[in-house]
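Remarks on the overall topology
So the chains spell out like this:
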Amino acid sequence: MESLARFLTQKCVGHAIARVDLAAFSALKTYSPPLSALTGLEVEGVSRHGKFLDISAQGLHLVFHLARAGWLRWKDSLPDAPPKPGRGPLALRLRLDDGSGFDLTEAGTQRKLAIYVVADPMAIPMVATLGPDPLSEEFDQTALAELLQSAGRAQLKGVLKDQRTIAGIGNAYSDEILHAAKLSPFKPANSLTDTELAVLYRVMKDELADAISRAEGLAAADLKSEKKSGLRVHGRKGEKCDVCGDTIAEVSFADSSLQYCPTCQTGGKKLADRRLSKLLK
Ligand SMILES: [Zn+2]
């Protein structure tokens, strides 16, 4: 999302919004001010709050959260005709004064993509409750230690991907960070030694910085495939760990899954797949 924010900053800032068309009505979570209030306003900045992108234009903010199946497709030249609502994956199209712009799309049937038009992004509860940003300068090792302590015995994996604890690390990068730090996803958050904490902190900063530098300069359309190719454990169940050669394992939950390397992270032990063991009982 950080890469996308930088990409959109280059493309949009200084341009006026020519029109915004909504194609999937359920994606828009606010009704006042209306989307049409953005028409004619000049884009002044594009920023990120956790996984929310915020396009600010003369006192109004178009904020969106792409969720798992959502994506932004940049086009240097958008078609002239407005999109037809309710067909295909298109949720919203924003067109700038030079005919360029982007489509927000969502594949599948989950409909989690969320779009807001607000005067203040803090009016969006999920933005207002975001934890600290691990890419910010204030996020030092002490800050990480404090929030892991206050998470108590909650499992590291869940703590890292909880946006209220730390903003902007999702399911994929929490897997990557724990693998690089050689920590079990199920380790209690408050049980890290000083060495483990120092490694986790360094790895977290490195992994996120790497992800951004890999994505830099890529068009928005290429970001998703680049993200996948940069991952070492996430989504790679059954493949070989490129650190130790062990086979990457998986734990499934009702609506997500995590991947890890038993040799690197859990002393060779397979973690219980709680969904499966529940079914077997
Ligand atoms: Zn390994």
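Higher on the page you've got the structure.
1. Concerning the nonpolar core
Core analysis: the biggest nonpolar cluster contains 34 residues, and L8, L62, F64, L92, F102 and L104 have the highest contact counts within it. A per-element tally of this core places helix α1 (residues 2-12) first, with five residues. Every residue in contact with L62, bar those within four places of it in the chain, is listed here: L35, L38, L53, D54, I55, L94, I115, Y116 and V117. Counting 26 residues, the second-largest nonpolar core is a separate cluster that includes L147, L148, A172 and A181.

2. Overview of the coordination of the zinc ion
Taken together, C241 (SG), C244 (SG), C261 (SG) and C264 (SG) make up the protein donors of the zinc ion, found 2.2 to 2.3 Å from the metal. Every donor counted, the four donor atoms about the zinc ion form angles of 98 to 115 degrees at the centre, which fits tetrahedral coordination. Mapped onto the polypeptide sequence, the residues donating to the zinc ion form the spacing pattern C-x2-C-x16-C-x2-C. What makes C241 buried here is its relative accessible area of 3%. Its relative accessible area of 34% is what places C244 among the partly exposed residues.

3. A few points about empty space enclosed by the protein
In the structure shown here, the tally under the stated rule is one cavity of 30 Å³ or more. Roughly 40 Å³ of internal volume is contained in the largest cavity. Forming the walls of the largest cavity are A24, S26, A27, K29, A91, E106, R111 and L113. Here the lining of the largest cavity is composed, by residue class, of four nonpolar, one polar and three charged.

The rules we used
- Residues numbered from 1 in each chain as written.
- Predicted model: local features only at pLDDT ≥ 70, side-chain atom pairs only at ≥ 80, totals over all residues.
- Heavy atoms only, no water.
- Core = buried A, V, L, I, M, F, W, Y, C linked by side-chain atoms within 4.5 Å.
- Buried < 20%, exposed > 50% of the residue type's maximum accessible area, 1.4 Å probe, protein only.
- Helix = DSSP H or I, 4+ residues; strand = E, 2+ residues; numbered from the N terminus.
- Contact = heavy atoms within 4.5 Å.
- Donors = N, O, S within 2.8 Å, 3.2 Å for Na, K, Ca; no water.
- Tetrahedral: all angles 85-135°; square planar, octahedral: opposite > 155°, others 65-115°.
- 1 Å grid on protein atoms, 1.4 Å probe; cavity = no way out; pocket = protein on both sides within 12 Å on 5 of 7 lines; lining within 4 Å.
- Points joined across faces, edges and corners; volume = space filled by probe spheres on them.
- Nonpolar A, V, L, I, M, F, W, Y, C, P; charged D, E, K, R; others polar.

All quantities given are derived from atomic positions and should not be read as evidence of function.
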